[in-house]
Amino acid sequence: MKAKFSLYAKHIVLCLAFLFLPYAFTSTNTIFSLPHLYTNPHDRIYFFIYFTLLCFFYFNYYYLIPKFYFSEKKFLYYSIIVAFLLFFLWISTTLDHPDRNFLDFRNPPEHFEHNPGPFPEHFPPPPSFLKEQSFDFVGGPPTQYGHTALVYLIGVISSLLFAITGRLQRVEKEKVKSELAFLKAQINPHFLFNTLNSIYALALKKDDKTPDAVVQLSELMRYIMTNSNDEVIDLSKEINYINNFISLQKTRLGNTVIVDYKVTGNTFGKQITPLILISFIENAFKYGVNPDQTSEICIYIDIKEELLTLFVSNKKTFSVQSESGIGLQNTIERLKLVYPNKHQLKIEETLEKYVVNLSIKLG
């Protein structure tokens, strides 16, 4: 709602600035002079022409460009543009010089000395050397033609640029959404496969914690199905999801792993892309646990204002591993798509340790 209000406010400000542009930097001692719409017919004509040009800008942007230009009817589109240009030249001439043919470019009207075209009365008369030119661009209709055509063409070109840029941005956004959907489709089955293996291991040992693990898994899956398609979610929900995941892993592994897990900082009012942190934590449990000896995993999450920092460290095991790095690589790709220039990822790998340092600017 706030974004829409801000957009409408910008449009209103820009439209008003455009309408009153001819009355800025006048020849008087003031920088800006309000148009005399009731007493000065030239001011009234100028204001009306600018208003119609402004209306055409939106008509071109919202109707002509999508209807014809983007529909591969460019010749028809350009024909319409030329037709409207001639219309605006005709209407500007008819309003200011009803007794004059708008196609007569050569001869200025006889009353030029006393009727300086469309300019407001406070505009100075043009220099005498310009009035002596055979093709008068300052007095009468030629100046009006040139000015109207210039403003018209600027409006047409700018609306085209805005429309093309907006379309490219929408295409790029849809591309990013498609890529993210594909990556998420890979992440969810990968996580489910690993977690079911954990519960299967508990069931084989007939561990009394198996029912609790099933409940924890159901909560995790409910989170994935409910929130994984959202662009952002509350950070507190993502942290709670990580808590449940770590609790499930500790239930499965028992005393074979020491987990040092801490969360510091305030999550209130902060949001994050769902499932963007879990792969680094999941990777530590998958590849950093050796059932033949006590393993150590450190997981620290720190939130300071808009900056979230994740630190994950685990000892490397030398058991045979499959699907190495599938979920992790997908997460790295998602970070590039969702947080471009807003994250820093540093992965250090030695013979004994695997360390991940990730910082994300949430705002």
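Use the structure listed above.
A brief structural summary. Here the structure is a predicted model, which means the values were calculated and not measured.

**Side note on helix α6 (residues 210-227)**
Residue pairs three or four apart in sequence face the same way in an α-helix, which turns once every 3.6 residues. Its 18 residues give α6 an end-to-end C-alpha distance of 26 Å, which sits within 8% of 26 Å, the value for a rise of 1.5 Å per residue. Buried residues of α6: T210, A213, Q216, L217, L220, M221, Y223, I224 and N227, and no others. Viewed end-on, α6 has its buried residues packed into an arc of 155 degrees, placing them on one side of the element. Exposed residues lying more than 90 degrees from the buried face of α6 are R222, M225 and T226.

**Structural notes on the pairing of strand β7 (residues 353-361)**
As defined by bridge partners, strand β5 (residues 307-315) adjoins β7 across nine bridges and the pair is classed as antiparallel. Looking at β7, one finds that S313 is bridged to V355. Across seven bridges, the pairing between strand β6 (residues 343-349) and β7 is antiparallel. The partner of E348 across the bridge, within β7, is V355. Counting the residues between successive antiparallel strands, the hairpin from β6 to β7 contains three residues.

**Digging into the pattern of salt bridges**
Under the counting rule described, the total for this entry stands at three salt bridges. Residue E348 is joined to K346 by a salt bridge in which the shortest nitrogen-to-oxygen separation is 3.4 Å.

**A closer look at the sheet that holds strand β4 (residues 295-304)**
In any sheet, the strands associate via hydrogen bonds between backbone groups, in a parallel or an antiparallel arrangement. Strand order in this open sheet of five strands is β2-β4-β5-β7-β6, and the pairing throughout is mixed. The sheet terminates laterally at β2 (257-265) and β6, the two strands that pair on one side only. Pairwise comparison of adjacent strand axes, ignoring direction, gives a mean angle of 5 degrees for this sheet. Relative to the sheet, helix α7 (residues 235-253) contacts β2, β4 and β5, its axis offset from that of β2 by approximately 165 degrees. In the packing of helix α8 (residues 278-287) onto the sheet, contacts are made with β2, β4, β5, β6 and β7, and the angle to β5 comes to roughly 5 degrees.

**Quick word on the environment of V156**
Examined against the element boundaries, V156 turns out to sit in helix α5 (residues 140-204). Under the relative-accessibility criterion, V156 is labelled buried at 8%. Not counting chain neighbours up to four residues away, the residues in contact with V156 comprise F56, N60, Y77 and I81.

**Some points on α7**
For α7, built from 19 residues, the straight-helix expectation of 27 Å at 1.5 Å per residue is met to within 8% by its first-to-last C-alpha distance of 27 Å. Every buried residue belonging to α7 is among L235, E238, I239, Y241, I242, N244, F245, I246, L248, Q249, T251 and L253, and all of these are buried. Of the residues flanking the end of α7, it is G254, one or two places downstream, whose phi is positive at about 60 degrees.

Cut-offs and rules
Sequence positions are assigned chain by chain, starting from 1 and proceeding in written order. The predicted nature of this model means local features are confined to residues of pLDDT at least 70 and side-chain atom pairs, given and counted, to a pLDDT of 80 or more, with totals for whole chains, interfaces and linings taken over all residues. Derived side-chain values reflect all non-hydrogen atoms in the structure, with water molecules and hydrogen atoms excluded from consideration. Only DSSP runs of H or I with at least four residues qualify as helices, and only runs of E with at least two residues qualify as strands; both kinds are numbered from the N terminus onward. By this rule, a helix spans an expected 1.5 Å times one less than how many residues it contains. Only protein chains enter the accessibility calculation, which uses a 1.4 Å probe; a residue is then buried when its area is under 20% of its type maximum, exposed when over 50%, and partly exposed in between. As used here, the arc belongs to the directions running from the helix axis to the C-beta atoms. Here a strand pair is declared whenever DSSP counts at least two bridges between the two strands. Take a side-chain nitrogen of Lys or Arg and a carboxyl oxygen of Asp or Glu: if they are within 4 Å of each other, that pair is a salt bridge. Simply put, an axis is a line fit to the C-alpha atoms, just over the touching stretch for a helix, and the angle between two N-to-C directions goes from 0 to 180 degrees. Between two residues, a contact is recorded if the distance between any of their heavy atoms is within 4.5 Å.

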